[in-house]
Amino acid sequence: KAGVTQTPRYLIKTRGQQVTLSCSPISGHRSVSWYQQTPGQGLQFLFEYFSETQRNKGNFPGRFSGRQFSNSRSEMNVSTLELGDSALYLCASSSEPLAGETQYFGPGTRLLVL
Amino acid sequence: GQSLEQPSEVTAVEGAIVQINCTYQTSGFYGLSWYQQHDGGAPTFLSYNALDGLEETGRFSSFLSRSDSYGYLLLQELQMKDSASYFCAVKENTDKLIFGTGTRLQVFP
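Keep in mind it's a predicted model, so treat the numbers as computed, not measured.

Conventions used here
Residues numbered from 1 in each chain as written. Chains lettered and ligands numbered in written order. Predicted model: local features only at pLDDT ≥ 70, side-chain atom pairs only at ≥ 80, totals over all residues. Heavy atoms only, no water. Helix = DSSP H or I, 4+ residues; strand = E, 2+ residues; numbered from the N terminus. Rg over C-alpha atoms; globule rule 2.2 N^0.38 Å. Buried < 20%, exposed > 50% of the residue type's maximum accessible area, 1.4 Å probe, protein only. Areas by Shrake-Rupley, 256 points an atom, 1.4 Å probe, with all protein chains shown as cover. Lys, Arg positive; Asp, Glu negative; His and termini not counted. Charge placed at Lys NZ, Arg CZ, Asp CG, Glu CD. Phe/Tyr/Trp six-rings, centres within 6.5 Å; stacked < 30°, edge-to-face > 60°. Contact = heavy atoms within 4.5 Å. Buried area = accessible area lost by both parts, 1.4 Å probe. Salt bridge = Lys/Arg side-chain N within 4 Å of Asp/Glu carboxyl O. Polar contact = N/O pair within 3.5 Å; in protein donor to acceptor, adjacent residues only side chain to side chain. Pairing = 2+ DSSP bridges. Axes fitted to C-alpha atoms, helices over the stretch in contact; angles between N-to-C directions.

Caption draft 1: Molecular detail of the overall build of chain A. Summing up its helical and strand segments, chain A has zero helices and 11 strands in all. Beginning at the N terminus, the succession of helices and strands in chain A can be written as β-β-β-β-β-β-β-β-β-β-β. Since a compact globule built from 114 residues should have a radius of gyration of about 13 Å, the 13 Å found for chain A is in line with a globular shape. A principal-axis box enclosing the C-alpha atoms of chain A has dimensions of 35 × 25 × 25 Å. Of all 114 residues assigned to chain A, the portion counted as buried reaches 51%. Accessible surface, chain A: about 5,200 Å² in total, of which carbon and sulfur atoms supply 48%. Put simply, chain A has 11 plus and 7 minus side-chain charges, and the middle of one group is 7 Å from the middle of the other.

Caption draft 2: Summary view of the packing of aromatic side chains. A full pass over the atoms with the stated rule returns 13 aromatic pairs over all chains. Arranged with centres 5.5 Å apart and planes meeting at 85°, the rings of A:Phe105 and B:Tyr35 form a pair that is edge-to-face. Placement of A:Phe105 in strand β10 (residues 104–105) and of B:Tyr35 in strand β4 (residues 31–37) is noted, with the two residues assigned to different chains. Arranged with centres 5.6 Å apart and planes meeting at 50°, the rings of B:Tyr35 and B:Phe99 form a pair that is tilted. Here B:Tyr35 is found in strand β4, whereas its partner B:Phe99 is found in strand β10 (residues 97–99), with 64 residues between them in sequence. Neither B:Tyr35 nor B:Phe99 differs from the other in exposure class; each is buried.

Caption draft 3: Representation of the interface of chain B and chain A in the model. Listed by partner, the interface residues are 15 residues for chain B and 21 residues for chain A. Summing both partners gives a buried area of about 1,600 Å² for chain B against chain A, and 55% of it is carried by carbon and sulfur. The tally of links between chain B and chain A comes to zero salt bridges. Linking chain B to chain A there are two residue pairs in polar contact (both at pLDDT 80 or more). Those elements that provide at least two residues to the side of chain B that touches chain A are β4, β5 (44–49), β9 (84–91) and β10 of chain B. The biggest single contributor to the side of chain B that touches chain A is β4(B), with three residues.

Caption draft 4: Summary view of the sheet that holds strand β3 (residues 19–24) of chain A. All names here are of chain A. The strand order β1-β3-β8-β7 describes an open sheet built from four strands, whose pairing is antiparallel. The sheet is open, and its two edges are formed by β1 (5–7) and β7 (64–68), each paired on a single side. When strand polarity is set aside, the average angle formed by the axes of neighbouring strands in this sheet is 20°. Here β1 pairs with β3 via three bridges, running antiparallel. When the sheet's bridge partners are listed, Thr5 is paired in β3 with Ser24.

Caption draft 5: The arrangement of the pattern of salt bridges in detail. Residue and element names in this part refer to chain B. What the rule picks out here adds up to seven salt bridges over all chains. Across the salt bridge formed by Arg104 and Asp39, the nearest N and O atoms sit 2.7 Å from each other. Pair noted here: Arg104 is in strand β11 (residues 103–108) and Asp39 is in the loop between β4 and β5, with a separation of 65 residues, a long-range link. Exposure remark for Asp39: the relative accessible area of 60% places this residue in the exposed category. One salt bridge in this structure joins Arg59 and Asp82, with 2.8 Å as the shortest N-O distance.

Caption draft 6: Spotlight on unusual backbone geometry. All names here are of chain A. In this structure, the amide linkage connecting Thr7 to the following residue, Pro8, adopts the cis form with an omega of -10°. Tracing the backbone through its elements, the reader meets Pro8 in the loop between β1 and β2 (10–13). Of note, the phi angle at Thr80 is positive, near 45°, even though the residue is not glycine. Among the structural elements, Thr80 can be located in the loop between β8 (74–78) and β9 (87–94). Overall, Thr80 belongs to the partly exposed group, its relative accessible area being 45%.

Pasting the structure below:
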């Protein structure tokens, strides 16, 4: 089985712009979670989607949003980018909703905001 | 508040044994997971403990004490390739997965 894929892998944006990141889960997985990883804050939960519905949301401002399509692929969008949004954005898939015991992570999208 | 405490860095030599501790304070608790992440790579799942006790998987073992809100990852027969960051994570009662800030393990020859 192919693993979790994320596109793009690297992205450079300027403050005020918006960005859309994409995640394709492992075939058959219906749950996709997104995380932000920064050196100072570690891995922080953004949101989780299961069967096209947002099941859970972390403590991030409304500028961060996401969606999931019928084929389980997911996108996250960040509007009005700020310098502090520079981070590695990881998505993870699992067969069941946020199966904490086993999530499969993608390689991440490294976003740099200038 | 929710918090998971891990040491920031641990060093050891090849062949040694190292223990990475994790103490947690979360809103409810379903289980403790451990992930490994090499520099530039994605986190990969190592182990999961829902009940008290020791789970062994090859050279890696994970322990949980729910009464102490404490767990640890034990790495035996360390190899250079074990140099990575290790994260504990708790699935709490809102179904969110909360990660610790990670422990950077450096293995020296």
